[in-house]
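# Geometric and topological summary
One letter stands for each residue in the lines below.
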Amino acid sequence: MEVSPKSMKWVNSLSTRPSLEAAIDEVARRSQEALQSAPDLAIFFISSTFASDFPRVMPLLKDRLGTLPLIGCSGGGIVGTTPTGQTREIEREPGISLTLASLPQVKVQTFHLAGEDLPDLDSPPSAWMELLDVESADQPNFMLLADPFSSRINDLLPGLDFAYPGSVKVGGVTSPGNGETGSTLFCNYRMHHYGTVGVALSGQIILETIVAQGCRPIGNPYLVTEAERNIVLELEEESDTTPVTSGRSSRVSQKRTPLELLQNLIQCLNDEDRQLAQHSLFIGVAQNEFKQTLEPGDFLIRNLLGVDPRLGAIAIGDRIRPGQRIQFHLRDAQTSAEDLSALLERYQRQTSTRDYSTAGAFMFSCLGRGEGLYGEADFDSHLFQHYQPKIPLSGFFCSGEIGPVGNSTFLHGYTSVFGIYRSA
């Protein structure tokens, strides 16, 4: 009789018990009972309200999990699945979330990286592979949990993109805990307060992403014609002129300062959006310079840092170069909800024929979202569960979210990044 191959399986358990021992006992017992097989990986998130107990976390987990590969971190909020199967977002209260995964035909490689050990960006891919002990030929996908101060995250992400092109990277920057502990990372039953911990998964596994930046475009895209570092000095807009004798409209390029274009745009907004633009105005940088019709998911959202009235220039939170296209964006609770709903609906439509009964998902959400943004708890996680009820979800609230836009990986803000693992 032919034996069918073992299936991939992900399970998650959330505990809100205020006692560390009781909470760890609960999540370990429930996860092990639900998995019903030997796990290959553990992913662990713990609320920063437990900060004074962090030194006891790893010994307690090791007693229950043995030598199982493990990564995890602290967070300002924790996402997980209750015993009734509902997802919860635990903010500013005790919470522990443990995911166990059975991953047949998958290679699991955990690592801890110190920021000072990262290769410089001129190094060859082999330097990154040697540091992580992960081969690019294995086509790994990564989950990364990084300290905000010591990880050199803005060097790490482009370095990994260079060394592992085509590999998907998701994760988050940890939010500091209480007292003197700062942010806390866990890797293979050791606690760290610096660098990055992560896991590379390769083999019969696929990582899919949803990156909800929560913004909507206003006005039209503009072409950057003059810029220095993160300062945009001149933009080009196209406007229709009167029809020519051929019966077709000609288009005339007009170069103006960004401030002039922004002032004109704000005058055209309704009263509500004009008020919103005073404090929630952002810049979207198109990641495909040649796409004719740009959609919300085509933009990398960056902060508008300031304006120079003398030059009419604007400063944004990233480098910009001539030839790129940008568009002004607004963000509010309704826009964030509509953006995530549209992305989840599109993902459901595109993947409707796939079997997700053995998949697992992780949510890395900004501390600026959650109940503070929506005025109600569990919004993003419940929306995900509405569209993907069969996929267990866990995660944490971050000080920066890691996820791809186009073919590159970025550090985001005010974003919810979902990483969905499934069998290849």
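Please refer to the structure higher up on the page.
So, here is what we can say about the structure in this document. (Residues numbered from 1 in each chain as written. Predicted model: local features only at pLDDT ≥ 70, side-chain atom pairs only at ≥ 80, totals over all residues. Heavy atoms only, no water.)

One pass over the full model with this rule turns up 14 aromatic pairs. Each ring, one from Y222 and one from F328, has its centre 6.3 Å from the other, and the planes form 70°; the classification is edge-to-face. Of this pair, Y222 sits in strand β15 (residues 222-228) while F328 sits in strand β21 (residues 325-330), and the two are 106 residues apart along the sequence. Like F328, Y222 is buried. The lysine or arginine in question, R331, covers the ring of F282, its NZ or CZ lying 4.3 Å from the ring centre. (Phe/Tyr/Trp six-rings, centres within 6.5 Å; stacked < 30°, edge-to-face > 60°. Helix = DSSP H or I, 4+ residues; strand = E, 2+ residues; numbered from the N terminus. Buried < 20%, exposed > 50% of the residue type's maximum accessible area, 1.4 Å probe, protein only. Lys NZ or Arg CZ within 6 Å of the ring centre and 35° of its normal.)

Okay, the pairing of strand β5 (residues 87-91) next. Consecutive residues of a regular strand have side chains that alternate between opposite faces of the sheet. Among the 5 residues that make up β5, 4 are buried, leaving the element largely enclosed by the rest of the structure. Bridge analysis of strand β4 (residues 77-81) against β5 gives 5 bridges, and the strand direction is antiparallel. Each residue of the ladder has a partner; that of I78, found in β5, is I90. In textbook terms, the turn of a hairpin is the stretch between consecutive antiparallel strands, and for β4 and β5 this stretch comprises 5 residues, one of which, G85, has a positive phi near 90°. (Pairing = 2+ DSSP bridges.)

With 16 residues, helix α1 (residues 20-35) extends 22 Å between its outermost C-alpha atoms, agreeing within 8% with the 22 Å of an ideal straight helix rising 1.5 Å per residue. Considered for burial, the residues of α1 that qualify are L20, A23, I24, E26, V27, A28, R30, S31 and L35. Where α1 is buried, its residues contact β1 (9-15), β2 (41-47), α2 (54-65), β4 and β6 (96-102). Taken from the residues just after α1, Q36 is the one with a positive phi, measuring 60°. (Expected span 1.5 Å × (residues − 1). Contact = heavy atoms within 4.5 Å.)

This paragraph deals with the sheet that holds strand β24 (residues 400-405). If you walk across this open sheet you meet the 6 strands as β7-β12-β8-β9-β24-β25, and the pairing is mixed. Of all the strands in the sheet, just β7 (106-113) and β25 (408-412) have a single pairing partner and so form its edges. On average, each strand axis in the sheet is inclined to that of its neighbour by 15°, with strand direction left out of account. Where β24 meets β25, 5 bridges bridge the pair, whose relative direction is antiparallel. Within the sheet, the bridge partner assigned to I402 lies in β25 and is L411. On top of the sheet, helix α4 (residues 153-163) reaches β7, β8 (141-146), β9 (169-173), β12 (196-203), β24 and β25; it is set at about 160° to β25, its chief contact. (Axes fitted to C-alpha atoms, helices over the stretch in contact; angles between N-to-C directions.)

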